[in-house]
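The residues making up each chain are set out below.
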Amino acid sequence: AGAGTEEGQRRILPLRVFLSAAGSLDDDCAGKWHQVIQDLQAECGALEMTSADRVHEAFVLLAVDGSISTKSIQHVYDLMHSEPGGVEAWDRQRMFEALSATVGWTISRCEKAVAKGRRRLKQAGLRPEEVLAIRLYTGP
């Protein structure tokens, strides 16, 4: 889950979450940046996303979308964190259900907000090394 997971602390997510959110791990981009992605993987470890990573990615994309407050995102995160099974049991469906219960959105609305956040990041056209720089800047 990354450093800073105690109550009231920032969550420091793995680089792969931000790379995926920015589209750097998508097939069309990964081929273009193949050597950079390989170098990052050699330095930072595996870039394969887990189910929990996909949930964290969705939280990042919701924040980029901006149609939900960070306070609501935090509430959903805390709600999910208190559920049995821990972070390893997280999946997007569970996240969307918690989001729906918290802010009253339909699952379709949640999916649209995540997609909009992804489109916004893709429009930025961030290179993998720029994503790394952002991750380092927001890290501990």
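This is a predicted model, so every value here is computed, not measured.

Definitions and cut-offs
Residue indices follow the written sequence of each chain, beginning from 1 at its first position. It should be noted that, the model being predicted, local features are given only for residues of pLDDT at least 70 and side-chain atom pairs only at 80 or more, the latter also being counted only at that level, while totals for whole chains, interfaces and linings use all residues. Hydrogens are left out, water is left out, and the side-chain values use all remaining heavy atoms of the structure. For salt bridges, the criterion is a side-chain nitrogen of Lys or Arg within 4 Å of an Asp or Glu carboxyl oxygen. Secondary structure elements are defined from DSSP: runs of H or I of at least 4 residues count as helices, runs of E of at least 2 residues count as strands, and each element is numbered from the N terminus. For the exposure calls, accessible area comes from a 1.4 Å probe over protein chains only, and a residue counts as buried if that area is under 20% of its type's maximum, exposed if over 50%, partly exposed in between. Known as pLDDT, the predictor's per-residue confidence is scaled from 0 to 100. Note on geometry: axes are C-alpha line fits, over the in-contact stretch for helices, and angles between N-to-C directions span 0 to 180 degrees. Here is the rule for angles: anything less than 35 degrees is roughly parallel, anything more than 145 is roughly antiparallel, 65 through 115 is roughly perpendicular, and the remaining ranges are oblique. Two helices that cross are described as forming a left-handed crossing if the nearer one is turned anticlockwise from the farther one by less than a right angle, and a right-handed crossing if clockwise. In this description, contact between two residues means that some pair of their heavy atoms is separated by no more than 4.5 Å. Each residue is assigned to one of three groups, with Ala, Val, Leu, Ile, Met, Phe, Trp, Tyr, Cys and Pro labelled nonpolar, Asp, Glu, Lys and Arg labelled charged, and all others, Gly among them, labelled polar.

A. Looking closely at the pattern of salt bridges. Counted according to the given criterion, the structure contains eight salt bridges. Across the pair Arg 92 and Glu 57 runs a salt bridge whose closest N-O atoms are separated by 2.9 Å. Here the residue Arg 92 occupies a position in helix α6 (residues 92-103), and Glu 57 occupies one in helix α4 (residues 51-65), the gap between them amounting to 35 residues. Judged by its relative accessible area of 23%, Arg 92 is partly exposed. The class of Glu 57 is buried, set by a relative accessible area of 0%. Ionic pairing is found between Glu 129 and Arg 127, a salt bridge with its closest N-O pair at 2.5 Å. For Glu 129, a relative accessible area of 31% translates into the label partly exposed. Judged by its relative accessible area of 34%, Arg 127 falls in the partly exposed class.

B. Up close: the confidence of the model for the protein. Overall, the prediction assigns the protein a mean pLDDT of 83, with 89% of residues at 70 or greater. Least confident of the elements in the protein is helix α2 (residues 27-32), whose mean pLDDT is 73; most confident is α4, at 92.

C. View of the packing of α4 against helix α5 (residues 70-81). Where α4 contacts α5, the two axes come as close as 11 Å, and the packing angle between them is 165 degrees. With respect to α5, the axis of α4 lies roughly antiparallel. Between α4 and α5 lies a crossing of right-handed hand. In contact with Val 55, His 56, Phe 59, Leu 62 and Ala 63 of α4, α5 contributes Ile 73, Val 76, Tyr 77 and Met 80. Partitioned by chemical class, the residues of the contact of α4 with α5 number eight nonpolar, one polar and no charged.

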